[in-house]
Amino acid sequence: MTQANDKPTSGHFTKTPGWLDWFEGPSQPRFRVPVGSVDAHCHVFGPGADFPYAPERKYTPCDASRQQLFALREHLGFARNVIVQATCHGADNRALVDALVHSQGLARGVATVRRGVSDAELQALHEAGVRGVRFNFVKRLVDFTPKDELLEIANRIHALGWHVVIYFEAVDLPELWDFFTALPTTVVVDHMGRPDVALPVNGPQFALFEKFMREHPNVWSKVSCPERLSLTGPKALAGEQSAYRDVVPFARRIVEQFPDRVLWGTDWPHPNLKDHMPDDGLLVDFIPHIAPTPELQQKLLVTNPMKLYWPEEC
């Protein structure tokens, strides 16, 4: 199936040239997720006419509304979402908050905030359903924020019981180690710290990430986004049931070593993919390859995200 890149960007915005739109009409997953499963990493984009994209953004996406996100959740068989602030919105969390307040309690959020945020603004975010902040260290996506500013934010949100989500690339972990290990909160790593899957799973680069998790029990990891990490595929398209085989050993290793500190999410609508746009139904079929037992699947998809985002229901 060839995907048309004809989804709109509303308002006065123009999509980034070459932008890949999210997959239309995803397949029905063969893997049935456990009852109460949480898609713990996804986004909304705009719509731009309602929630303008940030002037400092590095990309302009097609719109991806809360209604479309919630429809996908139902189609894939999930019960809840954790919506992460997209970098194209900067620290303007209005689209995120709008999705949370219209979720009927079935979504929690991870926001982006700046040093100047007031206590009242943080409290309003908390009441909307925000439970974390994201610190992005991927240089091609964001401008540098001083670490003292981030640490100040981390200390303030710690008082609310929130956690910090960190996004970085594996080669940068050594220089970021001291900062990450000084964070006072639970720390959730996006996408296993983007390992280079061309390197051995038992090599020094991935061993450092394993050490990071092993020595710091406050560190969790999302074992998501194989479509971003894979070098040899095959891609989650055309019914492929063994997609992204080169990523499986890395994700499965983290799931099996740290079963109580792992999360999974679709990453819909998959910002900034360059090579292909995956079928989200086939991404769900990736899960049993990395969490092969019902016990591991239950922890990955239900127990862990509920503990982190809906602890009052646990």
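Above: the structure in question.
These remarks concern the structure in this document.

Calculation criteria
- Throughout this document, residue positions are counted from 1 along each chain, in the order its sequence is written.
- In keeping with the model being predicted, local features are shown solely for residues with a pLDDT of at least 70 and side-chain atom pairs are shown and tallied solely at 80 or more, while totals for entire chains, interfaces and linings include all residues.
- Hydrogens and water are ignored here; the side-chain numbers use all heavy atoms of the structure.
- Take a side-chain nitrogen of Lys or Arg and a carboxyl oxygen of Asp or Glu: if they are within 4 Å of each other, that pair is a salt bridge.
- Think of it this way: any DSSP run of H or I at least four residues long counts as a helix, any run of E at least two long counts as a strand, and we number them from the N terminus.
- Classification of residues uses two cut-offs on accessible area relative to the type maximum, computed with a 1.4 Å probe and protein chains only: under 20% is buried, over 50% is exposed, and between them is partly exposed.
- Throughout, the arc means the angular range of directions from the helix axis out to the C-beta atoms.
- Every helix has an expected span of 1.5 Å times one less than the residues it contains.
- The contact criterion used is simple: two residues touch if any of their non-hydrogen atoms lie within 4.5 Å.
- Note on geometry: axes are C-alpha line fits, over the in-contact stretch for helices, and angles between N-to-C directions span 0 to 180 degrees.
- In this scheme, roughly parallel covers angles under 35 degrees and roughly antiparallel covers those over 145, while 65 to 115 is roughly perpendicular and the rest are oblique.
- Think of it as three bins: nonpolar holds Ala, Val, Leu, Ile, Met, Phe, Trp, Tyr, Cys and Pro, charged holds Asp, Glu, Lys and Arg, and polar takes everything else, Gly as well.

1. A word on the pattern of salt bridges
Part 1 of the argument: One pass over the structure, following the stated rule, counts 20 salt bridges.
Part 2 of the argument: Arg134 serves as the salt-bridge partner of Asp190, at 2.8 Å between the closest nitrogen and oxygen. Of the two residues, Asp190 sits in the loop between β6 (187–189) and α6 (204–215) while Arg134 sits in strand β4 (residues 130–136), which places them 56 residues apart along the sequence.
Part 3 of the argument: For the salt bridge of Asp267 with Arg228, the shortest nitrogen-to-oxygen distance reads 2.9 Å. With Asp267 in the loop between β8 (262–263) and α9 (280–284) and Arg228 in helix α7 (residues 226–229), this pair connects stretches of sequence that are 39 residues apart. Comparing Asp267 with Arg228, the two get one shared label, buried.
Part 4 of the argument: Beyond isolated ion pairs, a larger network of salt bridges with shared partners links Arg115, Asp148 and Glu152.

2. Regarding helix α3 (residues 119–128)
Part 1 of the argument: Within the span of α3, buried status applies to Leu122, Leu125, His126 and Ala128. The buried residues of α3 occupy an angular sector of 160 degrees when projected down its axis, which confines them to one face. Among the exposed residues of α3, those pointing more than 90 degrees away from its buried face are Asp119, Ala120 and Glu127.
Part 2 of the argument: One or two residues past the end of α3 sits Gly129, with phi positive at roughly 120 degrees.

3. A few points about the environment of Gly25
Part 1 of the argument: As for its position among the elements, Gly25 is in the segment before β1 (38–42).
Part 2 of the argument: Its relative accessible area of 51% is what places Gly25 among the exposed residues.
Part 3 of the argument: A C-alpha to C-alpha distance of 9.0 Å links Gly25 and Asp280, two positions 255 residues apart in sequence.

4. Here's the deal with helix α4 (residues 147–158)
Part 1 of the argument: With twelve residues, α4 should reach 16 Å at 1.5 Å per residue; the first-to-last C-alpha distance of 16 Å fits that figure.
Part 2 of the argument: The inward-facing, buried residues of α4 contact α3, β4, β5 (163–167) and α5 (173–182).

5. Some words on the packing of α5 against α6
Part 1 of the argument: One way to put it is that α5 packs onto α6 with a least axis distance of 12 Å and a crossing angle of 10 degrees. In this view, α5 runs roughly parallel relative to α6, as classed from their interaxial angle. Taken together, the residues of α6 that come into contact with α5 (itself represented by Leu173, Pro174, Trp177, Phe180 and Thr181) are Leu208, Phe209, Lys211, Phe212 and Glu215.
Part 2 of the argument: Looking at the contact of α5 with α6 residue by residue, the class counts come to seven nonpolar, one polar and two charged.

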